[in-house]
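Coordinates in review
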2 protein chains.
Amino acid sequence: MTELRRAASVVRERSPVPEATVARLPLYLRVLTSLADRGVHTVSSETLATAAGVTSAKVRKDLSHLGSYGTRGVGYGVDLLLNRIAAELGLTEDRSVLLVGVGNLGHALAGYGGFQARGFRVVALLDIDPCRIGESIGGVVVRPLDEMEVLVEHSRVTIGVICTPATAAQAVCDRLVAAGVTSILNFAPTVLSVPAGVDVRKVDLAVELQILSFHEARKRPASSPDGMTRATAGRALPRTRGGGPLVGTTGGEAS
Amino acid sequence: MTELRRAASVVRERSPVPEATVARLPLYLRVLTSLADRGVHTVSSETLATAAGVTSAKVRKDLSHLGSYGTRGVGYGVDLLLNRIAAELGLTEDRSVLLVGVGNLGHALAGYGGFQARGFRVVALLDIDPCRIGESIGGVVVRPLDEMEVLVEHSRVTIGVICTPATAAQAVCDRLVAAGVTSILNFAPTVLSVPAGVDVRKVDLAVELQILSFHEARKRPASSPDGMTRATAGRALPRTRGGGPLVGTTGGEAS
DNA sequence: ACGACTTCGTGAAGGCGTTCACGAAGTTGA
DNA sequence: TCAACTTCGTGAACGCCTTCACGAAGTCGT
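Residue positions are counted from 1 within each chain, in the order its sequence is given. Chain labels run from A onward and ligand labels from 1 onward, assigned in the order the entries are written. It should be noted that, the model being predicted, local features are given only for residues of pLDDT at least 70 and side-chain atom pairs only at 80 or more, the latter also being counted only at that level, while totals for whole chains, interfaces and linings use all residues. The side-chain figures draw on all heavy atoms in the structure; neither hydrogens nor water molecules are used.

A few words on the protein's contact with DNA strand C. Distances are taken per atom, and a residue is near a molecule or strand as soon as one of its heavy atoms is within 4 Å of it. Residues in contact with DNA strand C amount to 24 residues; listed here are only the nearest, Ser45(A), Gly73(A), Tyr76(A), Arg24(B) and Arg72(B). Backbone sugar and phosphate groups make up 68% of those atoms of DNA strand C lying within 4 Å of the protein. A distance of 2.5 Å separates a phosphate oxygen of DNA strand C from a polar atom in the backbone of Ser45(A). Arg60(A) places a polar side-chain atom, nitrogen or oxygen, 3.1 Å from a base nitrogen of DNA strand C. Contributions of two or more residues to the surface near DNA strand C are made by α3 (56-64), β2 (70-71) and β3 (75-77) of chain A together with α1 (19-37) and α3 (56-64) of chain B. Counting of polar contacts relies on pairs of N or O atoms within 3.5 Å, with two restrictions inside protein: one atom must be capable of donating a hydrogen and the other of accepting it, and residues adjacent in sequence are counted only when both atoms are side-chain atoms. By definition, any uninterrupted DSSP run of H or I lasting at least four residues is a helix, any uninterrupted run of E lasting at least two residues is a strand, and each is numbered from the N terminus.

Next comes the structure, spelled out in structure tokens:
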């Protein structure tokens, strides 16, 4: 107000969108899409909050980072907000995705409809196993790993999905980065190291279960089955390792 | 003190473990398991931190919530710490898991080796589609949805995994809760409402990609359709968002 | 036109988590 | 034994995010 307002036509935000807000934008987007499909034209922060499972204050604060797109006394325009969030998430142009490792999980992700439904196109599938090459999943043919560089160059892929065993993940990651991929979604249970400027997000399915298990343990206080106290001497982890590999192969693909 | 302290031998901490710490314990557990397999007996917070991709201060603070299990000047005993974390996560007794919805993703999760490798047993698979019933995945046979209540009762399952389409998720969730399940891992892209006392964690694969897309959009301002190719790949800090033409084409929900 | 009502946008306060810095407590070597 | 060194455990400061509370700004009914 007192400050000289930059009256430029472009939205000159610095980078006012907190990471926590970014993580919720896809949630709002999903709700708004559903509302739009049902023909709803306006929505209040309260309604949107309930549908998204958050508080209304959070919704308003989050959306305020994108600018003022609401109308006081009415709410937010569904279509307007929907476009605004889609733009903020960079979904106006569809993003191409390359998936490496068509094993158990990779195969499922390749055929997962949710990706395409929300603006992502899996343009290439890669695997090192000759048996899998040539197979078609969701209209995309599995190609040998060596074609990675050519594919990235050609199709302008910027996002890579790693579904390989943990042991191969870092090597694949390095090749992806070298080829020009700048965002990686990692499903392998291992920590990836990448140069600055490359984003990595990881999804570890077992970790989610372990977190639930933690809370379960607090609900049912470790009932001692035989009346003996928990003073086990040996390994408590019920791992049933048959042979002992040198490198810890916890998890990973099992095909 | 004011409260009668239980002198039991078991650790009876209330819940001084912050949620953020809980989320990292599985990570430490994975690293420690790997170290144990390699015959390493002690590890410093610095080494553990590097392997887990966090800072050493964070490791020490996290582990301090579990008690003093380190030795100054030396580090942490790998086996000791491994057992301690496993106990904290409730993994000393193996947790049974029930999976509902053996579709694309559910099928992959049922066969995912990572669960069993880390102390979880998928004891039942359910689906409503008659065509899928009878199929065996990883040694477990797919059963009709109606057997849910009996199975939960019998096998003492406390964790349920939902891999159904979004439209069916809430109904399945309600049945699970009614049957006695108190922790739910939800892969369906919808918000589940549950009574107090039930924990829900959600994993939305498309959301992860959308978050990556957000950061991609900031790396490459997207406006110029054919500006630079790869020559300037890397740093692009001075983001200058151009007012992009919004063509929001976000598809509807997918199965 | 205008008061009543609804809802957004936002400063302020509070809570949680991360990072820093350093004393405490152990080991190692002579 | 004792000094030098390593590393843990932790109080304190800092920053991010959430929550609260309320003014601002619009709509609606008469």
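This part takes up the sheet that holds strand β1 (residues 42-43) of chain A. All names here are of chain A. The criterion for strand pairing is that DSSP finds at least two bridges linking the strands in question. Spatial strand order, β1-β3-β2: 3 strands in an open sheet with antiparallel pairing. If you trace the sheet from one side to the other, it starts and ends with β1 and β2, each paired once. Note: β1 against β3, 2 bridges, orientation antiparallel. Within the sheet, the bridge partner assigned to Val43 lies in β3 and is Tyr76.

Let's shift gears to the pattern of salt bridges. A side chain of one charge can pair with a side chain of the opposite charge when the charged atoms of the two come close. Residue and element names in this part refer to chain A. By definition here, a salt bridge exists when the distance from a side-chain nitrogen of Lys or Arg to a carboxyl oxygen of Asp or Glu is within 4 Å. In the structure shown here, the tally under the stated rule is 24 salt bridges over all chains. Taking the shortest distance from any N to any O, the salt bridge between Arg84 and Glu88 comes out at 2.9 Å. Highlighted residues: Arg84 and Glu88, both in helix α4 (residues 78-88), separated by 4 residues, approximately one helical turn. Note on classification: 1.4 Å probe, protein chains only; a residue is buried when its accessible area is under 20% of the maximum for its type, exposed when over 50%, partly exposed between these limits. Judged by relative accessible area, Arg84 falls into the buried class, the value being 6%. Taking relative accessible area as the criterion, Glu88 reaches 1% and is therefore assigned buried.

Right, let's talk about unusual backbone geometry for a bit. Residue and element names in this part refer to chain A. Phi is positive for Arg156, which is not a glycine, with a value near 55°. By the secondary structure assignment, Arg156 is in the loop between α7 (148-155) and β8 (159-162). On the basis of relative accessibility, which here comes to 51%, the residue Arg156 falls in the exposed class.

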